[in-house]
Amino acid sequence: MTSEPAVIKCVIWDIDNTLLHGVYLESGERPPEADPQLVAVLHELAGRGILNALASRNPPAAADYVQKLTGADFAAIECGWGSKADAVGRIAAGLSLAPDALAFVDDDMIERAEVAAAFPDVLVLTPEDAAEAPDWPQFSPAVITAEARRRGQMYAERRRRQAEAAAFGGSRDEFVRHVGTRVTIAPAEPADLPRLHELSVRTHQLNSAGEPVSQDELARHLAAPGDAVVQVTLADDFGDDGLVGAAISTGNDGSRGSVESVPAMIVVTVPLIMMSCRALGRGALDALLAWLCRAAVASGAAELQIPCLVSERNVPMRLALAAAGLRAEPGSLAADGRATFSRSLTGELPALPDWVSAG
Amino acid sequence: MSAGQSAAVADQLRALLAEITGRPDLLSVPDEVALFGAGIGLDSLGGTLLLRQVQRRYGVDVAAEDLNLDSLETLGTLAAFIADRI
């Protein structure tokens, strides 16, 4: 375990007496000015790939006013008269973020106490704390990639995509097609490694390894004969999400072949498969698994193995493994919390949709 | 577990599935249809939402108890898994 604090992915801001110098509904004809220091913080964090969200006891018009006033993209907006803790819970669920990836800023001590009690892992701050936050390690991701800078905008696209999905009548599969989903799977280049490292740090729900992979380690896999690093990009009619996922595979040349019981059998092992939670429900992970099965078959393998950390957080990854026909030996969960999921590559493979292009 | 209890859970699961996937036709899906793949075509998002609702409604943590998630093979196997534990 490292002692580094978790990196914050989203800051949830109160409006009255926090982002605004005053109370929106009590200000009559002229709504209050924004707090210039906190507006600077909003934009600084967005530039580092950290999302901003609003949680306010106000009508939705207050959020519209704050958006116009600050020019910031808010990834989620909760305006209403319910509890702040419930609003934080809905934002976490809507953005698929764990509480320890969230910070909450409010001038009201009671609101802060309520959120802290409901979510002990949320970083709860006063507006004065938040003004200093850009200097803290929790708000300083090591690498800031192009994807990271666009993150706030991509979540705004996601809000529009979700609204369309809610109004759509068909299955998710039909929806993925309806919105013109395009997935590409291609070998990674050295220039992709910072983004791939970042993904390995930031992904949890759709991550098999459960621990970061360094750029050096990625570079070693890129260079090693028989190893492959592939990356996945995702786009649809709502926007381009860029590089959202990757997988490392080993044994593609048969060098790591043989399982003990069947010495002649070639096995391809996938030490890491990961996908941004933005891709959840959009077919990209299932497509990558189907592609990995086919690539392994092409290299002559009879079996695909994916060691996977079994945790509460990465249940979506285990669901995708199960859906792709991978199974672990019952009772094979190791002391380190990992199990090896595998499937035979003979017989019917998982379907690879026609909106996937492989390079 | 009684067969009646499992059948009642299966009916509740059909309603959950229809809601999660936005497909009212799943209200009448048979017990033995596969949840993943060519059956209902549940993906990891749908599966996660389903397990979350199952845990909330029945207090059964399927992911913690079933390494391979084999209980999610069909609607009937999931209903039996839950009915065994409530």
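Since the model is a prediction, treat every value here as computed from it, not as a measurement. Per chain, the residues get numbers from 1 upward, laid out in the order the sequence is written. The order in which chains are written sets their letters, starting at A; the order in which ligands are written sets their numbers, starting at 1. Restriction of local features to residues with pLDDT of at least 70 applies here, the model being predicted, together with a cutoff of 80 or more for giving and counting side-chain atom pairs; totals for whole chains, interfaces and linings are based on all residues. The basis for every side-chain value is the complete set of heavy atoms in the structure, and neither hydrogens nor water enter the calculation.

Draft legend 1. Region of interest: the overall build of chain B. The secondary structure content of chain B amounts to four helices and zero strands. For helices the rule is a DSSP run of H or I covering at least 4 residues; for strands it is a run of E covering at least 2, with both sets numbered from the N terminus onward. Reading chain B from its N terminus to its C terminus gives the helix and strand order α-α-α-α. Computed over the C-alpha atoms, the radius of gyration of chain B is 12 Å, within 12% of the 12 Å expected from 2.2 N^0.38 for a compact globule of 86 residues. With the C-alpha coordinates of chain B rotated into their principal frame, the extents come out at 30 × 25 × 20 Å. When each of the 86 residues of chain B is scored for burial, the buried share is 51%. The contacts in chain B between residues at least 6 apart in sequence include a share of 54% that link residues at least 24 apart. Counting every atom, chain B has about 3900 Å² of accessible surface; 50% of that belongs to carbon and sulfur. We count Lys and Arg on the positive side and Asp and Glu on the negative side, and we leave His and both chain ends out. All charge positions are set by atom: Lys at NZ, Arg at CZ, Asp at CG, Glu at CD. Averaged over its 6 positive side-chain charges, chain B has a centre that lies 8 Å from the centre of its 12 negative ones. In this treatment the radius of gyration is a C-alpha quantity, and the globule benchmark scales as 2.2 Å times the residue count to the 0.38 power. Under the scheme applied here, a residue whose accessible area is under 20% of the maximum for its type counts as buried, over 50% as exposed, and between as partly exposed, the area being computed with a 1.4 Å probe on protein chains only. Pairs of residues are marked as contacts when any of their non-hydrogen atoms sit within 4.5 Å. Accessible surface area values rest on a Shrake-Rupley calculation with a 1.4 Å probe, where residue burial reflects the displayed protein chains alone.

Draft legend 2. Inspection of the packing of aromatic side chains at higher detail. Stacked, edge-to-face and tilted labels apply to pairs of Phe, Tyr and Trp rings (six-membered ring for Trp) whose centres lie within 6.5 Å, assigned for plane angles under 30 degrees, over 60, and everything in between, in that order. What the rule picks out here adds up to three aromatic pairs over all chains. Our definition puts a charge over a ring when NZ of Lys or CZ of Arg is within 6 Å of the ring centre and also within 35 degrees of the ring normal. Residue placement shows R85 of chain B over the ring face of F81 of chain B; its charged tip is 3.6 Å from the ring centre.

Draft legend 3. Region of interest: the interface of chain A and chain B. The partner chain B presents 19 residues to the 24 residues of chain A that form the contact. Between chain A and chain B, a total of about 1700 Å² is buried, with carbon and sulfur atoms accounting for 59% of that surface. By definition, the buried area sums, over both parts, the 1.4 Å-probe accessible area that each loses when the two are put together. Ranking the residues of chain A by area buried against chain B places R172, R318 and L319 of chain A at the top, with a combined share of 35%. The salt bridge criterion pairs a side-chain nitrogen of Lys or Arg with a carboxyl oxygen of Asp or Glu, the two atoms within 4 Å. Counting across the chain A and chain B interface gives one salt bridge. Close ionic contact of D70 of chain B with R327 of chain A constitutes a salt bridge, the shortest N to O distance being 2.6 Å. The term polar contact refers here to a pair of N or O atoms within 3.5 Å; inside protein, the definition further demands a hydrogen-donor-capable atom paired with an acceptor-capable atom, and it admits residues adjacent in sequence only when both atoms are side-chain atoms. Remark: the boundary between chain A and chain B carries five residue pairs in polar contact (both at pLDDT 80 or more).

Draft legend 4. Examining the state of the cysteines more closely. Residue and element names in this part refer to chain A. In this description, the term disulfide denotes a pair of cysteine sulfurs within 2.5 Å. In the structure shown here, the tally under the stated rule is zero disulfides over all chains. Looking at the unpaired C277, the closest cysteine sulfur is the one in C10, lying at 11 Å. C277 sits in the buried class, given a relative accessible area of 17%. C308 provides the cysteine sulfur closest to C293, a residue in no disulfide bond, and the two sulfurs are 15 Å apart. Exposure remark for C293: the relative accessible area of 0% places this residue in the buried category.

Draft legend 5. Structural context of the pairing of strand 8 (residues 239-250) of chain A. All names here are of chain A. The element strand 8 is largely enclosed, with a buried count of eleven among its twelve residues. When DSSP locates at least two bridges between a pair of strands, those strands are taken to pair. With nine bridges joining them, strand 7 (residues 228-236) and strand 8 adopt antiparallel strand pairing. Bridged to V230 within strand 8 is A247. In textbook terms, the turn of a hairpin is the stretch between consecutive antiparallel strands, and for strand 7 and strand 8 this stretch comprises two residues. Bridge count between strand 8 and strand 9 (residues 267-275): five bridges; the pairing is antiparallel. Pairing of G245 across the sheet is with M275, part of strand 9.

Draft legend 6. Spotlight on empty space enclosed by the protein. A 1.4 Å probe that fits but cannot get out identifies a cavity on a 1 Å grid over protein atoms alone, an open set with protein on both sides within 12 Å along at least five of seven lines counts as a pocket, and a residue lines either if it has an atom within 4 Å of a point. Grid points are joined across faces, edges and corners, and a volume is the space filled by probe spheres set on the points. Evaluation of the coordinates by the stated rule reveals one cavity of 30 Å³ or more. The computed volume of the largest cavity comes to approximately 60 Å³. Lining the largest cavity we find L206, A279, L280, G281, R282, G283, A284, L285 and D286 of chain A together with D43, S44 and L45 of chain B. For the lining of the largest cavity, the secondary-structure elements that each account for two or more residues are helix 12 (284-298) of chain A together with helix 2 (44-58) of chain B. No other element matches the three residues that helix 12 of chain A contributes to the lining of the largest cavity.

Draft legend 7. Inspection of the packing of helix 1 (residues 3-21) of chain B against helix 4 (residues 75-83) of chain B at higher detail. All names here are of chain B. A fitted line through C-alpha atoms serves as each axis, taken over the contacting stretch for helices, and the angle formed by two N-to-C directions is quoted from 0 to 180°. At a closest axis distance of 8 Å, the pairing of helix 1 and helix 4 adopts a crossing angle of 120°. In this view, helix 1 runs oblique relative to helix 4, as classed from their interaxial angle. The crossing of helix 1 and helix 4 is right-handed. Contacts between helix 1 and helix 4 involve Q5, S6, V9, A10, L13, R14 and L17 from the first element and L75, L78, A79, A80, I82 and A83 from the second. Orientation labels follow simple angle bins: below 35 degrees gives roughly parallel, above 145 gives roughly antiparallel, 65 to 115 gives roughly perpendicular, and whatever is left gives oblique. Crossing handedness: left-handed means the near helix sits turned counterclockwise from the far one by under a right angle, and right-handed means the same turn made clockwise.

Draft legend 8. The domain arrangement of chain A, seen in detail. Residues and elements named next belong to chain A. In this document the domain limits rely on a domain assignment from an automatic tool or a database. Segmentation of chain A into domains returns domain 1 (10-139) and domain 2 (169-358). Distance from the C-alpha centre of domain 1 to the C-alpha centre of domain 2: 36 Å. Contact residues are listed per partner, giving five residues for domain 1 and five residues for domain 2. Regarding the contact of domain 1 and domain 2, the summed buried area is about 310 Å², with carbon and sulfur atoms giving 37% of it. The largest per-residue losses of area from domain 1 upon contact with domain 2 belong to G49, S96 and A98, which jointly make up 74% of the total buried on that side. Note that R313 and D100 form a salt bridge whose closest N and O atoms lie 4.0 Å from each other. Inspection of the region where domain 1 meets domain 2 yields one residue pair in polar contact (both at pLDDT 80 or more). Think of it as three bins: nonpolar holds Ala, Val, Leu, Ile, Met, Phe, Trp, Tyr, Cys and Pro, charged holds Asp, Glu, Lys and Arg, and polar takes everything else, Gly as well. Broken down by class, the residue content of the side of domain 1 that touches domain 2 amounts to two nonpolar, two polar and one charged.

Draft legend 9. Here's a closer look at the side chain of S71 of chain B. All names here are of chain B. With respect to the helices and strands, the residue S71 is situated in the loop between helix 3 (62-65) and helix 4. Of the residues examined, S71 reaches a relative accessible area of 6% and is grouped as buried. A distance of 2.7 Å separates the side chain of S71 from the side chain of D66, its partner in a polar contact. Excluding residues within four positions of it along the chain, S71 makes contact with V62, D66, T77, L78 and F81.

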